[in-house]
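These are the residues of each chain, in order.
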Amino acid sequence: MSKKCIYCKQEIAQESVIDFCKSCGVKVWGEKMFGAIVKNMEKARTDGDLYQGSVSSSAQNRAQI
Ligand SMILES: [Zn+2]
């Protein structure tokens, strides 16, 4: 199953942390904000991977957001 941009339906990388392509992201949020969003999403995913296998700490982590 391929992943598509929610705005322009262009195919995006399956491993992408966001549901839209870069050009749409920049159009919607601006380059600076888009960069910050991607960075935060990637960090969240990295943190999530670290917490995998520990249900209690990931639930705690989610509650803090
Ligand atoms: Zn797009």
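Residues numbered from 1 in each chain as written. Predicted model: local features only at pLDDT ≥ 70, side-chain atom pairs only at ≥ 80, totals over all residues.

A word on the overall build of the protein
- Along its length, the protein carries 3 helices and 2 strands.
- Listed by position from the N terminus, the elements making up the protein come as β-β-α-α-α. (Helix = DSSP H or I, 4+ residues; strand = E, 2+ residues; numbered from the N terminus.)

A short note on the environment of Phe34
- Looking at the secondary structure, you find Phe34 in helix H2 (residues 31-51).
- Classification of Phe34 as partly exposed rests on a count of 19 C-beta atoms within 10 Å.
- Along the sequence, Phe34 and Cys24 sit 10 residues apart, while their C-alpha atoms lie 9.5 Å from each other.
- Filtering out sequence-adjacent residues up to four positions away, Phe34 remains in contact with Gly25, Val26 and Trp29. (Buried ≥ 20, exposed ≤ 12 C-beta atoms within 10 Å, placed from the backbone. Contact = placed C-beta atoms within 7 Å.)

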